[in-house]
Amino acid sequence: MKGTSRLDSIRIQGNGPLKGAIRVSGAKNAALPLMIASLLTDEPLVLENTPDLADIRLLCEILAQHGVTATRDGASLTLTAARITNTLAPYDLVRKMRASFLVAGGLLARCRTARVSLPGGCAIGTRPVDMHLEGFRALGAEIDLRDGYVDLRAPAGLVGAEVTFPFASVGATENIMLAAALAKGETVIRNAAREPEIMDLADCLSAMGATIEGAGESSIHIQGAERLTGATHSVIPDRIETGTYAMAVGIAGGELLLERARGDLIAGVIPILRDVGVLVREVPEGLTVTRENGRPLSIDVMTEPFPGFPTDLQAQFMAMMATAKGVSRITETIFENRFMHVPELMRMGADIHVEGQTATITGVPKLKGAPVMATDLRASVSLVLAGLGADGETLVNRVYHLDRGFERIEDKLGRVGAIIERVHEPK
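Residues numbered from 1 in each chain as written. Predicted model: local features only at pLDDT ≥ 70, side-chain atom pairs only at ≥ 80, totals over all residues. Heavy atoms only, no water.

1. Some remarks on unusual backbone geometry
Here comes step 1: With an omega dihedral of 15°, the bond running from Phe306 to Pro307 counts as a cis peptide bond.
Here comes step 2: Turning to its location among the elements, Pro307 is positioned in the loop between strand E18 (301-302) and helix H10 (314-321).
Here comes step 3: With phi around 75°, Arg260 is a residue other than glycine that occupies positive phi space.
Here comes step 4: Here the phi dihedral of Arg398 falls at roughly 60°; this positive angle occurs in a residue that is not glycine. (Helix = DSSP H or I, 4+ residues; strand = E, 2+ residues; numbered from the N terminus.)

Below, the structure is given as structure tokens:
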């Protein structure tokens, strides 16, 4: 993907059904912790099916300042941390992407020391790192917080222990998994996150020499290795991209083949799509998605940790419900402040009322194109989807959010019949 400007926009002309095939990219949320796993070995880690996204490129920059070299050949990314040259992760890099805080687990495990900036808040909530730090402490790390940084030390190395989280956190589970992979003895993570990205990380760490059981369940057992080796691992397909394009069919109509998509990764979404009139079927090439009987039907959903309805599809689902028959309610239980796309959808004619963490959507027959502003990654793609089914032209501004998580979205949608283009800022 070429570099994009913060001032680029996406222009969409609503024009009816989509038809054709879209190849689903590798999952960004899986690729990021997998990339950080490269810190755990001095041998090359080859990650196949890695998406070319702004966040992936940024993490390559962050890892480079620790001494990791990265080379890309198509969708294959090779990361080599032959020698860690720096254990400081500075604020000016960590603040740009919360996932980069995961370098704490990798650096601490391999180098027995790390100094990592606290990531701070973000547009969709604070998401503190307390659980990460308590987990490191349980593994024997000494922790000192000062001047906005976390100093982590384990002079004699980390030692396996039982880590119990007060609630399931994907990031905290990943960070402790990374740290435990080189800890002495067994680590047990209780109330672990169960997302597919956790299972993908476990598969990769296992290929590198760790012994991991229970990934995808609430308790994960990790037997640390004395050293880890390089490996070749293929990143799972992106379940959020899969769900997003399925909902694009719900909004615009038509039929899509989502190549490489896996039904098990969106098992909690498929029945809800079926109930609103969007049918998802497994075929050898991936998944086919079709919309039945015109406008979707309304339904109530609540975001939940996997295998429930994912928070990262909430905004897209709201865009679909904006033109559904009837009244639907969406309750957001994962992140606060994750309804910032509501005012922008309302600019397009959506009828939405928010009270606390629940949005009530009264479907209208058709949205109207308008200039709108993206506030975060998932909000931005919800506005693109809304534009697909709207009358007239929609201009989505600040699409640098979109480029963080969706690979070549204008190309993929353009190939299946959408009238969509990127508008570059004037030079």
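2. Description of the side chain of Asp376
Here comes step 1: In this fold, Asp376 is placed in the loop between strand E22 (371-373) and helix H12 (377-388).
Here comes step 2: Salt bridges are absent for the buried Asp376, whose nearest opposite-charge side chain, Arg338, sits at 5.0 Å.
Here comes step 3: A distance of 2.9 Å separates the side chain of Asp376 from the backbone nitrogen of Ala379, its partner in a polar contact. (Buried < 20%, exposed > 50% of the residue type's maximum accessible area, 1.4 Å probe, protein only. Lys, Arg positive; Asp, Glu negative; His and termini not counted. Salt bridge = Lys/Arg side-chain N within 4 Å of Asp/Glu carboxyl O. Polar contact = N/O pair within 3.5 Å; in protein donor to acceptor, adjacent residues only side chain to side chain.)

3. Observations concerning the environment of Pro155
Here comes step 1: Mapped onto the secondary structure, Pro155 falls in the loop between strand E9 (149-153) and strand E10 (162-164).
Here comes step 2: Residues Pro155 and Gly20, spaced 135 residues apart in sequence, show a C-alpha to C-alpha distance of 57 Å.
Here comes step 3: In contact with Pro155, other than residues within four places in its own chain, are Arg112 and Glu142. (Contact = heavy atoms within 4.5 Å.)

4. Describing the sheet that holds strand E11 (residues 186-190)
Here comes step 1: Ordered by their spatial adjacency, 4 strands build an open sheet running E10-E11-E13-E12, and the pairing between neighbours is mixed. The open sheet has two edge strands, E10 and strand E12 (211-213), and neither has a second partner. Across the sheet, the axes of successive neighbouring strands diverge by a mean angle of 15°, strand direction being ignored.
Here comes step 2: The sheet strands contacting helix H6 (residues 170-180) are E10, E11 and strand E13 (219-223), and the helix crosses E11 at an angle near 175°. (Pairing = 2+ DSSP bridges. Axes fitted to C-alpha atoms, helices over the stretch in contact; angles between N-to-C directions.)

5. So, the packing of aromatic side chains
Here comes step 1: Under the defined criterion, the tally for this structure stands at 1 aromatic pair.
Here comes step 2: When the ring of Phe309 is compared with that of Phe317, the centres are 5.3 Å apart and the planes differ by 70°; the resulting orientation is edge-to-face.
Here comes step 3: Assessed through its relative accessible area of 0%, Phe317 is described here as buried.
Here comes step 4: The side chain of Arg115 reaches across the aromatic face of Tyr149, ending 4.4 Å from its centre. (Phe/Tyr/Trp six-rings, centres within 6.5 Å; stacked < 30°, edge-to-face > 60°. Lys NZ or Arg CZ within 6 Å of the ring centre and 35° of its normal.)

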